[in-house]
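Each chain, letter by letter, is given below.
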Amino acid sequence: MTKRKISGSQAVILSLLEEGVDTIFGYPGGAIMPIYDALYDHDKNVKHILTRHEQGAVHAAEGYARVTGKAGVCFATSGPGATNLITGIADAMIDSTPLVCITGQVASPLLGTDAFQESDVVGISMPVTKWNYQITTPEEIPVAIAQAFYIAQTGRPGPVLLDITKDAQFGELDFEYKKCRKIRSYVPDPQIDPFKVKEAADIIDEAKRPLLLFGQGVIIAQAEEELKAFVEKTGTPAAWTLLGLSAMPTDHPLNVGMLGMHGNYGPNLLTNEADVIIAVGMRFDDRVTGKVTAYASNAKIIHFEIDPSEINKIKRADVAVLGNAKKTLKMLTDNVKQNRHDDWLARFRECDKIENEKIIHKDLFPEKPGLTMGEVIRIAGDKTNHEAILVTDVGQHQMVASRYFKFRQPRSNVTSGGLGTMGFGLPASMGAQLGAPERTVIAVIGDGGFQMTIQELGTIAQNKLPVKIIILNNNFLGMVRQWQQLFFEKRYSFTELQNPDFIAIGKGFGIEGHKVEIRGELEQGIEKMINHPGPYLLEVVIEKEDNVFPMVPSGASVSEIMLEP
């Protein structure tokens, strides 16, 4: 590319275009105005989505990233604009979501003077970014943006923040863009040790009761086919973390369900009977392990992971294999023997029968008059042939939806895992829809979380995004209420909500919708929502004390999983 003299703000936009950016989420303000002015000339090259709040912009960028695998991009101004991104950045960091966040900053001579709308966003964001950097001269812009995309999207992905002073935006440079291919001392794709792979294969070949746990690392590496090939060759039962959901079809005969606090009975109960645990692209989060000292007590642990910092962080690995899961799983499959574990798999199916009798059938086909979360999710999944993208907020509905929606395609589950961010669901569904416009996107959100980012209905309406929104309304902060019921003697301290007329609010934004309160209207209501050509808001009134089981109580072993109160 030949050099040409342009402004720093123009360099920002041209650099993003060089990286293939087609969608930006953001909110303008004084310190980032030069960049927005440069963006004005490129409305045919890139789509900008004006959200109603900066938190909406960063969560939307997360949703876009999760369904595309590309870095989501968002803009915000200095001061409160930048600090409003922090929750979403922290969410992206813990969930390994690639983001490039660009914030405007006061002019460099004013740095440190407490100027109007100045905040030290680099200092504030340092603990929750994979990399951040403050740009004070225009010449730094192309190099910094190239590095930002490289760091955000390679290895274990994560959020990157660039803070650009106003004088850097106005200043001029001789523009030339070169994509970043390497950074000294940064090794995103560790070299795989074939001896470690062989050691793991030998242990797996000797196993009588192996259990594979897969997380989002499989999806990030696009290793879904390699995962399937391994479990089918070895006959190994496979269970998923919340963020690993959709890496393997729900109905695969070796898929034994969800791990964790509200996961399925079998994979939790039988973890401590497994003799080998094969962990792929997951980090042994406390919601998966329960009481760590009592977790996988009889098993050798083999950990396949791209991030060295996750090895031995929570559970000590007998064998650790560093590397990209797509490559390591292929090598592992080539090294293991053909095998079956029919008797061991049958144990999981016995647990399924118990869970189905005690919980699942009652959740999905209730005989009581009140509507349950489970039946809403079952019908929504069935009516979309399990091909839709499910976006959830955080709480009871998140767990129920993850358990019952069912999936056939990868990158179909978008949720806030590690941070558990209420308010994530609605803006993330916008990003998911823009990232996958050909697919149906269903956002399932509780009445509490919905009100945290309810203003993004305006963004959905303005951009005519055909998101299908289901509010599961029990007039409670449901997950907190469940804990208060079970562990605090039903002392419902400040968890009951007086909710507005959600349908009227939706119509105020120009979004069609209706409210369902009785079972006889539910199926027709969901069909109407799915078939509506634009965005649609369906409010479903569910039982106030509809709880989520199974449940591993906080601090308990996974073997102590509860099937009922």
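Nothing here was measured: the structure is a model prediction, and the numbers come from that model.

Notes on the sheet that holds strand β2 (residues 23–26)
Argument step 1. Reading across the sheet, the 6 strands line up as β3-β2-β4-β5-β7-β6 and stay open at both edges, with parallel pairing between neighbours. The open sheet terminates on both sides in strands that have one partner only, identified here as β3 (47–50) and β6 (131–135). Across the sheet, the axes of successive neighbouring strands diverge by a mean angle of 20°, strand direction being ignored.
Argument step 2. On top of the sheet, helix α1 (residues 8–18) reaches β2, β4 (72–76), β5 (99–105) and β7 (159–165); it is set at about 165° to β4, its chief contact.

Notes on the domain arrangement of the protein
Argument step 1. Domain assignment breaks the protein into domain 1 (4–175), domain 2 (194–348) and domain 3 (369–541).
Argument step 2. Contact with domain 2, which involves 17 residues of that partner, is made by 19 residues of domain 3.
Argument step 3. Of all residues in domain 2, L242, S246 and H262 bury the most surface against domain 3, accounting for 37% of the area lost on that side.
Argument step 4. On inspection of domain 2 and its partner domain 3, the count reaches 0 salt bridges.
Argument step 5. Applying the counting rule to domain 2 against domain 3 returns 7 residue pairs in polar contact (both at pLDDT 80 or more).

With respect to the packing of helix α3 (residues 54–68) against helix α5 (residues 86–94)
Argument step 1. The interhelical angle for the contact between α3 and α5, taken along N-to-C directions, is 20°, at an axis separation of 8 Å. Here α3 is positioned roughly parallel relative to α5, judged by the angle of their axes. The two elements α3 and α5 meet at a crossing, and its hand is right-handed. Between α3, through Q55, V58, H59 and E62, and α5, the contact on the second element is made entirely by T87, G88, I89, D91 and A92.
Argument step 2. In terms of residue class, the contact of α3 with α5 is made up of 3 nonpolar, 4 polar and 2 charged.

A short note on the sheet that holds strand β12 (residues 276–280)
Argument step 1. One open sheet accounts for 6 strands, arranged β11-β10-β9-β12-β13-β14; its pairing is parallel. Bordering the open sheet on either side are β11 (255–258) and β14 (319–322), each of which pairs with just one other strand. Direction aside, the axes of adjacent strands within the sheet are offset by 20° on average.
Argument step 2. With 5 bridges connecting them, strand β9 (residues 210–214) and β12 associate as parallel partners. Looking across to β12, one finds that L211 is bridged to I277.
Argument step 3. In this fold helix α11 (residues 224–234) packs onto β9, β10 (238–240) and β12, with an angle of close to 170° to the strand it touches most, β9.

So, the pattern of salt bridges
Argument step 1. Taken as a whole, this structure holds 22 salt bridges when the rule is applied.
Argument step 2. In this structure, R156 and D307 form a salt bridge, with 2.9 Å as the shortest nitrogen-oxygen distance. One end of the pair, R156, is in the loop between α7 (141–153) and β7; the other, D307, is in the loop between β13 (300–305) and β14, and 151 residues separate them in sequence.
Argument step 3. Classification of R156 as partly exposed rests on a relative accessible area of 22%.

A short note on the environment of Q222
Argument step 1. Of note, Q222 is situated in the loop between α10 (216–220) and α11.
Argument step 2. Spatially, the C-alpha atoms of Q222 and E456 are 31 Å apart, while their sequence positions differ by 234 residues.

A short note on unusual backbone geometry
Argument step 1. Along the chain, F549 connects to P550 via a cis peptide bond; the corresponding omega equals 0°.
Argument step 2. By the secondary structure assignment, P550 is in the segment after β20 (536–541).
Argument step 3. If you check the backbone angles, F284 has positive phi at about 55° while not being a glycine.
Argument step 4. Within the secondary structure, F284 is located in the loop between β12 and α13 (286–289).
Argument step 5. A residue is classified by how much of its surface remains accessible, and F284, at 1% relative accessible area, is buried.
Argument step 6. You will see that R411, though not glycine, has its phi angle at about 55°, which is positive.
Argument step 7. By the secondary structure assignment, R411 is in the loop between α17 (396–404) and β16 (413–414).

Quick look at the pairing of β7
Argument step 1. In terms of burial, β7 is a largely internal element, 7 of the 7 residues being buried.
Argument step 2. For β5 and β7, the ladder comprises 7 bridges, and the chain directions are parallel. From the neighbouring strand, C101 faces β7, where its bridge partner is L161.
Argument step 3. By the bridge criterion, 5 bridges tie β6 to β7 in an arrangement that is parallel. Pairing of Q134 across the sheet is with D163, part of β7.
Argument step 4. In this fold, the crossover linking β6 to β7 by way of α7 has right-handed handedness.

A look at the side chain of T384
Argument step 1. Inspection of the secondary structure assignment puts T384 in the loop between α16 (373–383) and β15 (389–392).
Argument step 2. Reaching out from T384, the side chain makes a polar contact with the backbone oxygen of A380 at a distance of 2.9 Å.
Argument step 3. If sequence neighbours within four positions are ignored, T384 has contacts with F405, T440, I442 and I530.

Rules of the game
- Residues numbered from 1 in each chain as written.
- Predicted model: local features only at pLDDT ≥ 70, side-chain atom pairs only at ≥ 80, totals over all residues.
- Heavy atoms only, no water.
- Pairing = 2+ DSSP bridges.
- Helix = DSSP H or I, 4+ residues; strand = E, 2+ residues; numbered from the N terminus.
- Axes fitted to C-alpha atoms, helices over the stretch in contact; angles between N-to-C directions.
- Contact = heavy atoms within 4.5 Å.
- Domains from an automatic or database assignment.
- Buried area = accessible area lost by both parts, 1.4 Å probe.
- Salt bridge = Lys/Arg side-chain N within 4 Å of Asp/Glu carboxyl O.
- Polar contact = N/O pair within 3.5 Å; in protein donor to acceptor, adjacent residues only side chain to side chain.
- Parallel < 35°, antiparallel > 145°, perpendicular 65-115°, else oblique.
- Left-handed = near helix turned anticlockwise from the far one by under 90°.
- Nonpolar A, V, L, I, M, F, W, Y, C, P; charged D, E, K, R; others polar.
- Buried < 20%, exposed > 50% of the residue type's maximum accessible area, 1.4 Å probe, protein only.
- Right-handed = clockwise from strand over helix to strand, strands pointing away.

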